[in-house]
Amino acid sequence: MASVTSLDQDMAELRKSKYDAKSAAEAKAWIEGILREDLGSEDLVDILKDGVILCRLVNVIVPSANLKYKTSRMPFVQMENISMFLRAAASLGLPQFDLFQTVDLYEAKDPAQVLQTLYSFSRHANKQNSTVPLLGPKLATKQDSPVKFPKQGVDIPAWNTHQYGYMGGASQGSEKIVFAKRRDIVNKP
């Protein structure tokens, strides 16, 4: 017999299953390299829970940020440290969908999203300062579009026949589809 679980439990398991130990180790090594210190053998989420390491990371990468964090065992102080990191990350250019929520880290609700934020943070920091080591793939740069747009007043088709395929002039008439004519129902003996 299958066990019955709630949607909340299923979603929590799904979020935790996306947390990759290898990616967490890479992120931890990246932070250790930037801060030039060993963070110990604890899990990355446990290390970052109070937000102090995150604030120190921002202060090293973006010295002008000068985040004033506090070391405390009080939950609201730790969550404020995490919020300061998130505000600094957003000001660095991280899109909203790459940022984790404070509870994702503090209560370990979505550790995979925390990793995604760290990877995105490294890309945006590297984009602004190439001396910052990169964690994961590099951000793409905008290139000139190879598509040449026509001048004003020139008519172009609404859709590209090469991209979407060409039906060869098919229409309802050529397919012998008849509309608006009488159809008789005949009983065959």
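Whatever comes next refers back to the structure up there.
Residues numbered from 1 in each chain as written. Predicted model: local features only at pLDDT ≥ 70, side-chain atom pairs only at ≥ 80, totals over all residues. Heavy atoms only, no water.

Caption draft 1: Structural view of the overall build of the protein chain. From N to C terminus, the protein chain includes eight helices and zero strands. Helices (α) and strands (β) of the protein chain occur, in sequence order from the N terminus, as α-α-α-α-α-α-α-α. Pairs at least 24 residues apart make up 48% of the contacts formed inside the protein chain by residues separated by at least 6 positions. Accessible area for the protein chain stands at about 14000 Å²; split by element, carbon and sulfur atoms hold 54% of it. (Helix = DSSP H or I, 4+ residues; strand = E, 2+ residues; numbered from the N terminus. Contact = heavy atoms within 4.5 Å. Areas by Shrake-Rupley, 256 points an atom, 1.4 Å probe, with all protein chains shown as cover.)

Caption draft 2: Molecular detail of the nonpolar core. Residues W30, I31, L44, L48, F85 and F121 are the most contacted members of the largest nonpolar core, which totals 39 residues. Within the residue set of this core, elements represented by two or more residues are α2 (21-35), α3 (44-48), α4 (52-61), α5 (75-92), α6 (102-106) and α7 (111-128). At seven residues, the largest contribution of residues to this core is made by α5. Excluding residues within four positions of it along the chain, L48 makes contact with I31, I53, L54, L105, V114 and L118. (Core = buried A, V, L, I, M, F, W, Y, C linked by side-chain atoms within 4.5 Å. Buried < 20%, exposed > 50% of the residue type's maximum accessible area, 1.4 Å probe, protein only.)

Caption draft 3: Layout of the side chain of N59. Residue placement: N59 occurs in helix α4. From its side chain, N59 meets the backbone nitrogen of N66 in a polar contact 3.4 Å long. Setting aside residues up to four positions removed in sequence, N59 forms contacts with A65, N66, L67 and Y69. (Polar contact = N/O pair within 3.5 Å; in protein donor to acceptor, adjacent residues only side chain to side chain.)

Caption draft 4: Layout of the pattern of salt bridges. If you walk through the whole model with that rule in mind, you get three salt bridges. Of the charged contacts in the structure, one is a salt bridge between E80 and R87, with a shortest N-O distance of 3.1 Å. (Salt bridge = Lys/Arg side-chain N within 4 Å of Asp/Glu carboxyl O.)

Caption draft 5: Molecular detail of the packing of aromatic side chains. In total, this model carries three aromatic pairs according to the counting rule given. On the numbers, 6.4 Å between centres and 80° between planes, the contact of W30 with F121 is edge-to-face. Linking W30 in helix α2 with F121 in helix α7, this pair joins segments that are 91 residues apart in sequence. A relative accessible area of 1% means that F121 is categorised as buried. (Phe/Tyr/Trp six-rings, centres within 6.5 Å; stacked < 30°, edge-to-face > 60°.)

Caption draft 6: Here's a closer look at α4. In terms of residue burial, α4 counts as a mostly covered element, since eight of its 10 residues are buried. Buried residues of α4: V52, I53, L54, C55, L57, V58, N59 and I61, and no others. Those residues of α4 that are buried are in contact with α2, α3, α5, α6 and α7.

Caption draft 7: Structural detail: α5. If you check α5, its first and last C-alpha atoms are 26 Å apart, about what 18 residues at 1.5 Å a residue would give, namely 26 Å. Among all positions of α5, only V77, Q78, N81, I82, S83, M84, F85, L86, A88, A89 and L92 are buried. The secondary structure elements touched by the buried residues of α5 are α4, α6 and α7. Of the residues trailing α5, G93 is marked for its positive phi of about 115°. (Expected span 1.5 Å × (residues − 1).)

Caption draft 8: Quick peek at the side chain of N126. Tracing the sequence through the fold places N126 in helix α7. When residues no more than four places from it in sequence are discounted, the contact partners of N126 are V132, P133, L134 and K138.

Caption draft 9: Spotlight on the packing of α5 against α7. Here α5 crosses α7 at 45°, and the two axes come no closer than 10 Å. If you check the angle between α5 and α7, you find them oblique. Crossing hand, α5 versus α7: left-handed. Between α5 and α7, the residues in contact are F85, A89 and L92 and T117, L118, F121, H124, A125 and Q128, respectively. Counted by class, the contact of α5 with α7 contains six nonpolar, three polar and no charged residues. (Axes fitted to C-alpha atoms, helices over the stretch in contact; angles between N-to-C directions. Parallel < 35°, antiparallel > 145°, perpendicular 65-115°, else oblique. Left-handed = near helix turned anticlockwise from the far one by under 90°. Nonpolar A, V, L, I, M, F, W, Y, C, P; charged D, E, K, R; others polar.)

Interpretation in functional terms is not warranted from these geometric data alone.
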